[in-house]
Amino acid sequence: MLKVVKRLQRIGRRAREIIVSRIDGGKPCGTCGFKGRPLHRDVLWPGLMTEWELTPQWHRWMDEREGSRCAWCGSSLRSGQLAAAIVTAANRLSGSSASRRSTLFRDPKARALSIAEINSAGNLHRHLRRCPGLRFSEFGSTQQGVPSEDLMRLTYADASFDIVITSDTLEHVPNIGPALRETCRVLKPGGMHVFTVPIIWDRPTRQRATIQGGALTHLLPPSYHGVAQEGKTDFLVFNEFGADFVDLCTAAGLDVELMQDAVNPALVTFMARRTAMP
Ligand SMILES: [Zn+2]
């Protein structure tokens, strides 16, 4: 009985959140299209802020990017924007005309796309898996049928994909140049690498760690991403990207277009088109 009461209370709280969010209004969620004010909780922890040396303003922007979520589907603002960029890329590449991710793969043209989701793009995966041409992998996967791909040495053949997706992944790759050249290699000519990375636009890229000759070397004290509250701080940061990151993409053979928020510069998604063979 107590369980039932608690469940009803949870449903009531959730319904109230959704209604208040809808009344307050906001931009449509990039994932589900729900128009409402995002719900916010701080997600960045003090230790990470110290390591990253963010100004209070950049701290707020980064917190909003990851901690503000759609009241309906739970997508972060970052995931919602990544979803919108994937829809834009898919429409351009296939000639489909979807307005949001949840309806994209009802269109046969979009269903014909070949897509590599290199690591799970969170709650976007449940939409992506509707695409018959999806190749899904996950870092450190032990799940049958789900391979683990190394971004610096992808197992896919040249020119395999229309779209490659990575979601806040590239900062955890030891050597960024080879990783970008690999995504370029597996893209078809004109194909797009659609991705997010944390990026601070008013400073240059800072390398925190490197692997040379198989040995991990820390150039700065180790910094990890993950969810501190859940003890999941297990992703070592190799690079904190800055404004020069776009040049790294260009050097790898990718022509960068940015989807940017009008107010928050931390809220940005890269749509990088393969221009030439690396
Ligand atoms: Zn949503």
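So, here's what we can say about the structure. (Residues numbered from 1 in each chain as written. Predicted model: local features only at pLDDT ≥ 70, side-chain atom pairs only at ≥ 80, totals over all residues.)

The next point concerns the nonpolar core. The biggest cluster of nonpolar side chains holds 44 residues, and the ones touching the most others in it are Ile86, Ala89, Ala90, Ile163, Ile165 and Val194. The residues touching Ile163, leaving out its near neighbours within four places in the chain, are Ile86, Ala89, Ala90, Leu93, Leu113, Ile115, Gly191, Met192 and Val194. Grouped together as the second largest cluster of nonpolar side chains are five residues, Met62, Leu77, Ala266 and Leu267 included. (Core = buried A, V, L, I, M, F, W, Y, C linked by C-beta atoms within 7 Å. Buried ≥ 20, exposed ≤ 12 C-beta atoms within 10 Å, placed from the backbone. Contact = placed C-beta atoms within 7 Å.)

The next subject is the sheet that holds strand S6 (residues 187-196). Within a sheet, neighbouring strands are paired by backbone hydrogen bonds and run either parallel or antiparallel to one another. Within the open sheet, the six strands sit side by side as S4-S3-S5-S6-S15-S14. Their pairing is mixed. The sheet terminates laterally at strand S4 (134-136) and strand S14 (254-260), the two strands that pair on one side only. This sheet shows a mean twist of 20° between the axes of neighbouring strands, independent of strand direction. For strand S3 (residues 115-117) and strand S5 (residues 161-167), the ladder comprises three bridges, and the chain directions are parallel. Bridge pairing links Ile115 to Ile163 in S5. (Pairing = 2+ DSSP bridges. Helix = DSSP H or I, 4+ residues; strand = E, 2+ residues; numbered from the N terminus. Axes fitted to C-alpha atoms, helices over the stretch in contact; angles between N-to-C directions.)

This part is about the pairing of S5. For S5, a buried count of seven out of seven residues is recorded, marking the element as mostly surrounded by other parts of the structure. Examined bridge by bridge, S5 and S6 share six bridges and lie parallel to one another. Along S6, the bridge assignment pairs Ser167 with Thr196. This β-α-β element, S5 to helix H8 (residues 176-186) to S6, shows right-handed connectivity. (Right-handed = clockwise from strand over helix to strand, strands pointing away.)

A few words on unusual backbone geometry. The residue Glu53 is not glycine, and still its phi comes out positive at about 55°. With a phi angle near 50°, Ala159 is a residue other than glycine that sits in the positive phi range. Relative to the assigned elements, Ala159 resides in the loop between S4 and S5. The exposure class of Ala159 is partly exposed, given the 14 C-beta atoms found within 10 Å.

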